[in-house]
Amino acid sequence: MKKSTVKLIAVLSLLVCIAAEVMLRAGIADFLTAAVLMTIAFPPFVLFTGLWWKAGEGERDIPFIGY
Amino acid sequence: MIEYLILATILGLLFLGIHRKVIARVQGRPGPPIWQEILHTLKFSFKKTWIPKTGSELLFTGIVLVAIGIWTAALFVVLAGQSILLLFGIYMVHKMVEHGVGLSPGSPYSKFGGVRSVISASSEIPLFGAVAMIYFFTGSLMISDLIAFQAANGPLLLIVPPAALGLYVVILSKMPYGPFSIVQGKEIVSGYKTEHFGVWRAALDVGEGLKTFVLLFAFVVIFFGQLPILLTFIIMLIVLVSLSFVCATTPLLSPYDCVTVQILIIVFMLVFGVVLGVLL
């Protein structure tokens, strides 16, 4: 996956998290709706932010499969 | 609500650090600082990351998202006072996460961890027993109803101690370095997580922190009721330290012994439930 795509997913998921929080505080969304949005958006935010920082784009490796 | 999520993640990782520290002290070692798991997570998120050549890309990536997602959902289930059955379901999905993380990279070590996760499904039997006993005594599985029940009748811990024992064993089976931690046994390197390095591991650690917090938090809410937040954290810490003592003083059981011990616990719970049922 390209770095730009990874960055886009990280930013979009952060925006969804912020939107869920704002909507809950403003009374637009109830707890359940905000919780669902947060549950969907929080994992990609954590993972793709990390990948955006450090994902390698070079040759992949073979795991150690024993002697 | 995002503040709860961040707080739960940090506290969960801190609890895991305290867990390691207590185990080390009991075993006469200095041990790492208590914030070590937080540092680990940060450290892994700065490591170069890729997917192994032998891995299934979709499963390798997707299962990490599921690992964080299910415990995020579990936190909101407890905060919203929803049904314990939802927690039960999430716990089942966590088994699939262990299995998926283990099988996705194509490494024999992680595969063994994933296969052992299936064997350790016996830890769900005490959970099932605990849920059944709670329903038998309170007539509800909604956490909000359990809080109301305990406000009127006192802590469930004193009313159905075997149910508390059942959930305690469930949490113990999910704690690292415990007698039932066969999915992460050192003889298979890091078990199912062996090939999830770098950012993958950091994300799995975030899920692990959330899981630790949610399980301890759910235990306190279900068996002690709604307490002031500081007191809740103190009881969570006490439960955690007791788990650490068990982990420090018991060897890692073989997979078959794990099943035997967990079945013995459910037999004890059944006998207690039948005896109380007859007496009441």
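The coordinates are above.
Residues numbered from 1 in each chain as written. Chains lettered and ligands numbered in written order. Predicted model: local features only at pLDDT ≥ 70, side-chain atom pairs only at ≥ 80, totals over all residues.

A. Representation of the packing of helix α2 (residues 31-54) of chain A against helix α3 (residues 57-79) of chain B within the structure. Put simply, α2 of chain A and α3 of chain B touch, their axes get as near as 8 Å, and they point 145° apart. For the crossing formed where α2 of chain A meets α3 of chain B, the hand is right-handed. Contact with α2 of chain A, carried on its side by Ala35, Met38, Thr39, Phe42, Pro43, Pro44, Val46 and Leu47 of chain A, involves Val64, Leu65, Ile68, Gly69, Thr72, Ala73 and Phe76 of chain B of α3 of chain B and no other residues of that element. Here the contact of α2 of chain A with α3 of chain B is composed, by residue class, of twelve nonpolar, three polar and no charged. (Axes fitted to C-alpha atoms, helices over the stretch in contact; angles between N-to-C directions. Helix = DSSP H or I, 4+ residues; strand = E, 2+ residues; numbered from the N terminus. Left-handed = near helix turned anticlockwise from the far one by under 90°. Contact = placed C-beta atoms within 7 Å. Nonpolar A, V, L, I, M, F, W, Y, C, P; charged D, E, K, R; others polar.)

B. Spatial organisation of the nonpolar core. Residue and element names in this part refer to chain B. In this structure, Ala74, Ile171, Ala203, Val214, Leu216 and Phe219 are the most contacted members of the largest nonpolar core, which totals 89 residues. No other element matches the 19 residues that helix α10 (residues 198-224) contributes to this core. For Leu216, the residues in contact, after removing those within four places along its chain, are Phe15, Ile171, Met236, Val239 and Leu240. (Core = buried A, V, L, I, M, F, W, Y, C linked by C-beta atoms within 7 Å. Buried ≥ 20, exposed ≤ 12 C-beta atoms within 10 Å, placed from the backbone.)

C. Main features of the interface of chain B and chain A. Counting residues at the interface gives 31 residues for chain B, matched by 26 residues for chain A. The set of elements that each furnish at least two residues to the side of chain B that touches chain A consists of α1 (2-26), α3 and α10 of chain B. Considering each element in turn, the side of chain B that touches chain A owes the most residues, seven residues, to α3 of chain B. Partitioned by chemical class, the residues of the side of chain B that touches chain A number 19 nonpolar, eight polar and four charged.

D. Region of interest: helix α11 (residues 229-249) of chain B. Residues and elements named next belong to chain B. In this model, α11 (21 residues) spans 31 Å end to end at C-alpha, consistent with the 30 Å of a helix rising 1.5 Å per residue. Of all the residues in α11, the buried ones are Met236, Val239, Leu240, Leu243, Ser244 and Cys247. Burial along α11 is one-sided: seen end-on, the buried residues are contained in an arc of 145°. Turned more than 90 degrees off the buried face of α11, the exposed positions are Leu230, Leu231, Ile238 and Thr249. Looking at the buried positions of α11, the neighbouring elements they touch are α1, α9 (161-174) and α10. (Expected span 1.5 Å × (residues − 1). Arc of directions from axis to C-beta.)

Distances and angles like these do not, on their own, reveal function.
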